[in-house]
Amino acid sequence: MLKGLYTATAGMIAQQRRTEMLSNNMANANTPGYKADQASVRAFPEMLLNRMDTKSTAVGSFHTGVYLQEFNSQNNQGELRETGLMSDVALIEQNVPIHPVTNQKGVLLFAVENQAGEERYTRNGHFTLDENGTLGSNGNQVLSTTGQPISIQSSNYQISADGDIFADGEFVAQIDVRFADDIRNLANEGNGFYRTADNSALPTALGNGAVQYSLKQNYLENSTVDVGKTYVEMMTAYRSFEANQKVLQAYDKSMDKAVNEIGRLR
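Before going into details, it helps to say that this report is about the structure given with it. (Residues numbered from 1 in each chain as written. Predicted model: local features only at pLDDT ≥ 70, side-chain atom pairs only at ≥ 80, totals over all residues. Heavy atoms only, no water.)

Description of the sheet that holds strand β16 (residues 170-174)
- Strands sit in the order β14-β15-β16 across an open sheet of three strands; the sheet is antiparallel. The two strands at the open ends of the sheet, each matched to only one other strand, are β14 (157-159) and β16. The average undirected angle you get between the axes of adjacent strands in this sheet is 25°.
- Direction of pairing for β14 relative to strand β15 (residues 164-167): antiparallel, over a ladder of three bridges. Note that in β15 the partner of isoleucine 159 across the bridge is isoleucine 165. (Pairing = 2+ DSSP bridges. Helix = DSSP H or I, 4+ residues; strand = E, 2+ residues; numbered from the N terminus. Axes fitted to C-alpha atoms, helices over the stretch in contact; angles between N-to-C directions.)

This is the structure in structure tokens:
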């Protein structure tokens, strides 16, 4: 009897986590450069039950429920959207190698520095200039290839395909782009920002012969969230959660009847 309770509960937990993941994808559908998360539901290993008085008599198998595997981001290139804003920059992947172990493509990211002086990484190229002329992304300072924040003291500036910034015809800095060959080393911090799981700094993609990319000013990369598909998956997850909930309620009613009616002493 209790086996069914555990199985139904495991199913509810898995679908709840899946719904939370899909809700986060939907909330970031309009976030530039956001990579949609995906996960698959898998079954726990099946166990074989034996009689307690002997090791040779098998009673049957024991299904221990399902679980949701770790989330993986869809690191495919998002569509480009023209904004006309000079500080907007889209990162375009031209050639990114596939990791031999994970068999998944690496990812290119902008390097930024947060208020604590720590490096973070993002694909959101919706940059802004503050009152001091510092190029930033959601309160974080965009880093140059020298590891320093970028300061642009002019409203007349251009950003080349290599990330070189020229203000009034003078070279200012080059936007740094980092390369993560193994996406397992990226930890999501929310709002489109990542850090490395081992707290190491990602290497620059500049000069890496295996990586080719370009930057495009006045454009942004759209998120990879498919809104229609996400809605359907959310409804499916909700219905599955509801079905497991009804199974749990049925077991609860059966146990209540067994305790309070069948097992009643007269």
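Description of unusual backbone geometry
- One non-glycine residue, asparagine 199, lies in positive phi territory at about 60°.
- As for its position among the elements, asparagine 199 is in the loop between β19 (193-196) and β20 (212-217).
- Using a relative accessible area of 66% as the deciding quantity, one classes asparagine 199 as exposed.
- Non-glycine residue asparagine 218 carries a positive phi angle of around 70°.
- Within the secondary structure, asparagine 218 sits in the loop between β20 and β21 (219-221). (Buried < 20%, exposed > 50% of the residue type's maximum accessible area, 1.4 Å probe, protein only.)

Considerations on the pattern of salt bridges
- Scanning the entire structure with this criterion turns up eleven salt bridges.
- In this structure, the salt-bridge partner of arginine 123 is glutamate 221, at a minimum N-O distance of 3.0 Å. Taken together, the residues arginine 123 in the loop between β10 (119-122) and β11 (128-129) and glutamate 221 in strand β21 connect sequence positions 98 residues apart.
- For glutamate 221, a relative accessible area of 1% gives the class buried.
- We note a salt bridge from aspartate 182 to arginine 184, for which the minimum N-O separation is 2.8 Å.
- Taken together, the salt bridges that share partners define one network made up of Lys35, Glu93, Lys105, Arg123 and Glu221. (Salt bridge = Lys/Arg side-chain N within 4 Å of Asp/Glu carboxyl O.)

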